Amino acid sequence: MSTGAAPVRQLDASSVGELRQAAEKIFTEFGTSATSPELLARVAEFADALSEPIRHQLRPVDTDDGLFVLRGLEVDDTEIGPTPASWATAGDSAAVYDIVLLLLATVMGNPIAWEGQQDGRFVHNIVPAPGHETKQTGASSTVLLSPHTEDAFHPGRAHLLMLGCMRNHDNIATTAASVRNVSLSEADTALLTRPLLPILPDDAYTEAQGFDGRPPAVPTLFHAKDGLTLRFDPAYTPVEDASPAHQAAYQRLEAELARVSGAVSLSPGEVLIVDNDLVVHGRVPFQARYDGTDRWLKRASIRVPARRTRPLAEEDEHGYGQAAIEAHAA
Ligand SMILES: [Fe+2]
């Protein structure tokens, strides 16, 4: 529906048919979208065979906005069934779309999962859950989910994030702000590229929150070859521990990200792809109904092998004992 200024890439009808057929074949063979090495191998096989028009639409993010919306997939509101009451009970709800997302993710890179999140599944269900209304996780609703880098606490975090919309009757917007559009002084940029503050694991990772080890201090900004990248999650960063000058710089970055932030309200079938090194994303507050008609997104996380958009020092971080599982061995 309203994608604001986000670049749109349109899949043609035959590409859509191709994706749907591949996903249905895989689903028929396995009877589930719960990922096993066998299912992931089959996804890789089918992804390899996808045609050029699909690959073209899934070329890397290529604008300073750091995102695009893929349009064309069809979602039948009746066929997908009610919005699950929580990720934990989602199971194989609309499982064919899990596999569609895995196919798309595999064309763009290497899908990842986390043992400690959503039972190690490679595609997560993002639905509001009772009791989580005010948390800073995807299960929240009544609070603004403040702009953040996905899995910012971890060096194995995704390079790309894929959000596929199953249902969004109330046009609840995802927010996105690119570091390439902010304007910061040289002094602020210099300060924020120094590794001075840790980013702690978010509430989706209870095990990591109990990790016994010193949180590594990490830079907020990084000068990559083609421009700035960022690693930003204010809700889990003890900014108050920083010097007043650093705090002020951090707050100016936060204000700039708010200034350049755009809203993308996804319609069923639309898939938002954001570059997790350029863009922080969030969600506006909303009132959940918990009656099976709530907003429902599916999320895939992707690593892009050999990308150089982050400091090399990240590789030495402990990641709070969490490990990302890659779909395909490097
Ligand atoms: Fe997120």
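The structure presented is a predicted model; accordingly, all values stated were derived computationally and were not measured.

**Quick look at the coordination of the iron ion**
Consideration 1: The protein atoms that coordinate the iron ion are His-148 (NE2), Glu-150 (OE) and His-281 (NE2), at distances of 2.0 to 2.2 Å.
Consideration 2: Read N to C, the donor residues that coordinate the iron ion are spaced as H-x1-E-x130-H. Of this pair, Glu-150 sits in the loop between β5 (145-148) and β6 (160-167) while His-281 sits in strand β12 (residues 279-283), and the two are 131 residues apart along the sequence. By the burial criterion, Glu-150 is buried, and His-281 matches it.

**Examining the pairing of strand β7 (residues 174-178)**
Consideration 1: Most of β7 sits out of view: five of its five residues are buried.
Consideration 2: Of the two faces of β7, the one lined by Thr-174, Ala-176 and Ser-178 and the one lined by Thr-175 and Ala-177 are each fully buried.
Consideration 3: Two strands pair when backbone bridges link them, and β7 and strand β10 (residues 262-264) are joined in this way by three bridges, in the antiparallel orientation. For Thr-175, the partnering residue across the bridge sits in β10 and is Ala-263.

**Brief notes about the side chain of Lys-298**
Consideration 1: Its place among the elements puts Lys-298 in strand β13 (residues 296-303).
Consideration 2: For Lys-298, the side chain forms a polar contact with the side chain of Asn-125, separated by 2.7 Å.
Consideration 3: Excluding residues within four positions of it along the chain, Lys-298 makes contact with Ser-93, Ala-94, Tyr-97, Asp-98, Leu-101, Val-123, His-124, Asn-125, Met-162, Leu-163, Gly-164 and Met-166.

**Here's the deal with the environment of Ser-33**
Consideration 1: Residue position: Ser-33 is located in the loop between α1 (13-30) and α2 (37-48).
Consideration 2: In this structure the C-alpha to C-alpha distance between Ser-33 and Asn-181, which are 148 residues apart in sequence, comes to 38 Å.
Consideration 3: Sequence-distant contacts of Ser-33, defined by excluding residues within four places in its chain, comprise Phe-27, Leu-39, Asp-92, Ala-95, Asp-98, Ile-99 and Arg-121.
Consideration 4: Within polar-contact distance, the side chain of Ser-33 engages the side chain of Asp-98 at 2.5 Å.
Consideration 5: In this structure the side chain of Ser-33 is engaged in a polar contact, spanning 3.0 Å, whose partner is the side chain of Arg-121.

**A few points about α1**
Because an α-helix packs 3.6 residues into every turn, residues spaced three or four apart end up facing the same way.
Consideration 1: Compared with an ideal rise of 1.5 Å per residue, which puts 18 residues at 26 Å, α1 spans 26 Å between its outermost C-alpha atoms and is within 8% of the ideal.
Consideration 2: Those residues of α1 not exposed but buried are Ser-15, Val-16, Leu-19, Ala-22, Ala-23 and Ile-26. Down the axis of α1, the smallest arc covering the buried residues is 135 degrees, so these residues share one side. The outward face of α1, more than 90 degrees from its buried face, is lined by the exposed residues Ala-13, Ser-14, Gln-21, Lys-25 and Thr-28.
Consideration 3: Gly-31 sits one or two residues past α1 and shows a positive phi near 70 degrees.

**Remarks on helix α8 (residues 244-260)**
Consideration 1: Across its 17 residues, α8 extends 24 Å between first and last C-alpha, which sits within 8% of the 24 Å expected from 1.5 Å per residue.
Consideration 2: For α8, the elements touching its buried residues are β7, α6 (186-192), β8 (221-224), β9 (227-230), β10 and β12.

**Points about the layout of surface pockets**
Consideration 1: Put simply, the largest pocket is a space of about 690 Å³.
Consideration 2: What lines the largest pocket is a set of 38 residues, among which Gln-117, Thr-137, Gly-138, Ala-139 and Ala-204 lie closest to the centre.
Consideration 3: The set of elements that each furnish at least two residues to the lining of the largest pocket consists of β4 (123-126), β5, β6, β12 and β13.
Consideration 4: Residues belonging to the lining of the largest pocket are distributed by class as follows: 13 nonpolar, 16 polar and nine charged.

Conventions and cut-offs
- Numbering of residues begins from 1 in every chain and follows the order in which that chain's sequence is written.
- Confidence filtering applies because this is a predicted model: local features only for residues at pLDDT of at least 70, side-chain atom pairs given and counted only at 80 or more, and all residues used for totals across whole chains, interfaces and linings.
- Calculated side-chain values reflect all of the structure's heavy atoms, with hydrogen atoms and water omitted.
- Any N, O or S atom lying within 2.8 Å of the metal counts as a donor, with the limit raised to 3.2 Å for Na, K and Ca; because water is left out of the atom set, some sites can appear incomplete.
- Where helices and strands are cited, they refer to DSSP runs of H or I of at least four residues and of E of at least two residues respectively, numbered from the N terminus.
- Here's how the labels work: a residue is buried when its accessible area is under 20% of the maximum for its type, exposed when over 50%, partly exposed in between, all with a 1.4 Å probe on protein chains only.
- DSSP calls a pair of strands paired once it identifies at least 2 bridges connecting them.
- Counted as a polar contact is a pair of N or O atoms within 3.5 Å, where, for protein atoms, one must be capable of donating a hydrogen and the other of accepting one, and residues adjacent in sequence contribute only when both atoms are in side chains.
- The criterion used for residue contact is that any of the two residues' heavy atoms lie within 4.5 Å.
- Helix span, expected: 1.5 Å multiplied by one less than the number of residues in the helix.
- Directions are taken from the helix axis to each C-beta atom, and the arc is the one they span.
- Every definition here rests on a 1 Å grid over the protein atoms only: cavities are sets of points where a 1.4 Å probe fits but cannot get out, pockets are open sets enclosed by protein on both sides within 12 Å along at least five of seven lines, and lining residues have some atom within 4 Å of a point.
- Grid points are joined across faces, edges and corners, and a volume is the space filled by probe spheres set on the points.
- Three classes are used: nonpolar for Ala, Val, Leu, Ile, Met, Phe, Trp, Tyr, Cys and Pro, charged for Asp, Glu, Lys and Arg, and polar for all others, with Gly counted as polar.

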